[in-house]
Structures are given as structure tokens and as C-alpha cells.
Amino acid sequence: MKKILLFSTISLIIIFPVIGFAKKCPDNPSVDCPVTSIQDVMNILRSIVNVMYTAFFIVAIAFILLAAFNYLTAQDDPEKIKSATKQIMWAAVAIAVALISVGFNKIVESFLK
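Residues numbered from 1 in each chain as written. Predicted model: local features only at pLDDT ≥ 70, side-chain atom pairs only at ≥ 80, totals over all residues. Heavy atoms only, no water.

## Some thoughts on the packing of helix α2 (residues 38-73) against helix α3 (residues 78-112)
Right, on to step 1. Running from N to C, α2 and α3 point in directions that differ by 170 degrees, and their axes come no closer than 8 Å. Taken together, the axes of α2 and α3 are roughly antiparallel relative to one another. At the point where α2 passes α3, the crossing takes the left-handed sense.
Right, on to step 2. Its residues assigned to classes, the contact of α2 with α3 comprises 26 nonpolar, six polar and three charged. (Axes fitted to C-alpha atoms, helices over the stretch in contact; angles between N-to-C directions. Helix = DSSP H or I, 4+ residues; strand = E, 2+ residues; numbered from the N terminus. Parallel < 35°, antiparallel > 145°, perpendicular 65-115°, else oblique. Left-handed = near helix turned anticlockwise from the far one by under 90°. Nonpolar A, V, L, I, M, F, W, Y, C, P; charged D, E, K, R; others polar.)

Written out as C-alpha cells, the structure is:
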């Protein structure tokens, strides 16, 4: 469990700098342009939401598979069954967060327009 959390955290730390999509200014290619419009902000937000959405679904599927394996190997051990139930609950939370993140993009877009 801790290994999965550590791996996903490290993966996200590696992925997030790539999401920035720094672009060069047309008049001076050696300098990065700041965000010049709301559309630029929305494009960056959309990219972050898409990565987070995908990451949460991948983690949720991994937790569901892990919980299914724990159910299969529980052999009437109430502690293992309780642990597998909690894993499924947290997988449902991950799916809910992923779905909310898609809605969050639309909420921010409506406030900015």
C-alpha cells in the first residue's frame, strides 16, 4: 500500500513539470512568455485536469484489483475482509475525485468568463 502511494507520488512529481508546456515568446525566443490570456490559463488547467483524471482512474483500478485479490485470499479472515472493503471504499473516493476534477474545470471556466 505504501509502495503504491510512493510510486504514484513520485510519478506525479515527474509528470507535473512536463505539463507546464512552456512556450517561447515570438519576439525573443530565448525568454519564456508569461500567460497572456485566460485561454492560456484554461489550456493549462485542462491539461492538468486530464492528467489527474487519468491518474486517479488508474489508481482506482489498481486498488480495485488489489481489493479483489485480498477478498480472494482472505479465507474467512475478518481483518483481511475489512481491509479489502476499505480499499474498495477508497477506490470509489478516487473515482469521485476524478469525476469532480472534470467538473472543476467547467466551474473555473464559467467564473473566468
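What follows picks up the thread again.
## Focus on the confidence of the model for the chain
Right, on to step 1. Here the chain averages 78 in pLDDT, and 78% of its residues register 70 or above.
Right, on to step 2. Per-element mean pLDDT across the chain ranges from 70 in helix α1 (residues 2-19) up to 84 in α2. (pLDDT = per-residue confidence, 0-100.)

## A few points about α3
Right, on to step 1. Under the 1.5 Å per step criterion, the end-to-end length of α3 is 51 Å for 35 residues, consistent within 8% with the ideal 51 Å.
Right, on to step 2. The set of residues buried in α3 consists of Ala84, Gln87, Ala91, Ala94, Ala98, Ser101, Asn105 and Glu109.
Right, on to step 3. Close packing links the buried residues of α3 with α2. (Expected span 1.5 Å × (residues − 1). Buried < 20%, exposed > 50% of the residue type's maximum accessible area, 1.4 Å probe, protein only. Contact = heavy atoms within 4.5 Å.)

## Some thoughts on the side chain of Asn70
Right, on to step 1. Along the chain, Asn70 turns up in helix α2.
Right, on to step 2. Side chain to side chain, Asn70 and Gln87 meet in a polar contact 2.9 Å long.
Right, on to step 3. Residues contacting Asn70, with those up to four places away along its chain left out, are Ala84 and Gln87. (Polar contact = N/O pair within 3.5 Å; in protein donor to acceptor, adjacent residues only side chain to side chain.)

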